[in-house]
Amino acid sequence: MFGLEDHLAQRKRGCLDGHFLLAMPSMNDERFERTVIFVCAHSEDGAMGFILNRPQPLSFEELIESLDLDSEKRRDADKKRKVGISECARDFPVQFGGPVDTGRGFVLHSDDYMTESTMPVNDDLCLTATIDILRAIKDGGGPVRGLLLLGYAGWAPGQLEQEIAANAWLSCPASDDIVFDRDHSAKYDRVLSHMGVSPAMLSMEAGHA
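Residues numbered from 1 in each chain as written. Predicted model: local features only at pLDDT ≥ 70, side-chain atom pairs only at ≥ 80, totals over all residues. Heavy atoms only, no water.

Draft legend 1. Spotlight on helix 7 (residues 184-195). Compared with the 16 Å implied by 1.5 Å per residue over 12 residues, the 17 Å span of helix 7 between its first and last C-alpha is a close match. Every buried residue of helix 7 is listed here: His-184, Lys-187, Tyr-188, Val-191, Leu-192 and Met-195. Here the buried residues of helix 7 occupy an arc of 135° about the axis, which is enough to place them on one side. Turned more than 90 degrees from where helix 7 packs its buried face, Ser-185 and Ser-193 sit exposed. If you follow the buried residues of helix 7, they end up packed against strand 1 (19-23), strand 2 (36-43), strand 4 (94-96), strand 9 (169-173) and helix 6 (176-179). (Helix = DSSP H or I, 4+ residues; strand = E, 2+ residues; numbered from the N terminus. Expected span 1.5 Å × (residues − 1). Buried < 20%, exposed > 50% of the residue type's maximum accessible area, 1.4 Å probe, protein only. Arc of directions from axis to C-beta. Contact = heavy atoms within 4.5 Å.)

The structure is reproduced here in structure tokens:
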């Protein structure tokens, strides 16, 4: 598997960058059954992306508390209300991003938040994987739209192409509205609709929308 940050920083955009992958009925890995994946990088070196329809039981507030981002002074002052966090951050979505590096967090977000460590994914979305963006979100200065994803999905060189050829995935250009949709249970069918595909039309034959 390749290094995520190095690959994104040095890559040229691949044909599946900024695309959705939709798990087909022929998917034989239960970890990806009925998953919607947003592809952040695809090249001859491999591919990586994030599962978008697997929520986490952990809240953003609980995550911030576990990371102990507050200073001693802030922790003492906020002891009675658990953690100093902006109201808008309390509902910031935390999701399972994939089975690789599940202890790492990545924020996929709108392009209104940029730092030196922020990496553009496509024309509208960026990825930031430093602690600074968590502090910014906590304090109300983060991106307007975003997802905190724990872990990611990765493919070795040629692996994703083989899986698509084996009819494991259907692909189509991504929609930001679906990326940030909070209704996880409906996201799979929303992508099908975005492709113009009826669930009844899904078959064991390979295809691309």
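Once the structure has been displayed, the description carries forward.
Draft legend 2. The arrangement of the nonpolar core in detail. By size, the foremost hydrophobic cluster in this structure holds 28 residues, and its most contacted members are Phe-20, Leu-22, Phe-38, Phe-50, Leu-108, Val-179 and Val-191. For Phe-50, the contacting residues outside a window of four places in its chain are Val-36, Ile-37, Phe-38, Cys-40, Gly-97, Phe-106, Leu-127, Leu-149, Gly-151 and Tyr-152. (Core = buried A, V, L, I, M, F, W, Y, C linked by side-chain atoms within 4.5 Å.)

Draft legend 3. Looking closely at helix 4 (residues 131-138). All buried positions along helix 4 are accounted for by Ile-133, Leu-134, Ala-136, Ile-137 and Lys-138. Backbone geometry just downstream of helix 4 places Gly-140 in the positive-phi region, at approximately 85°.

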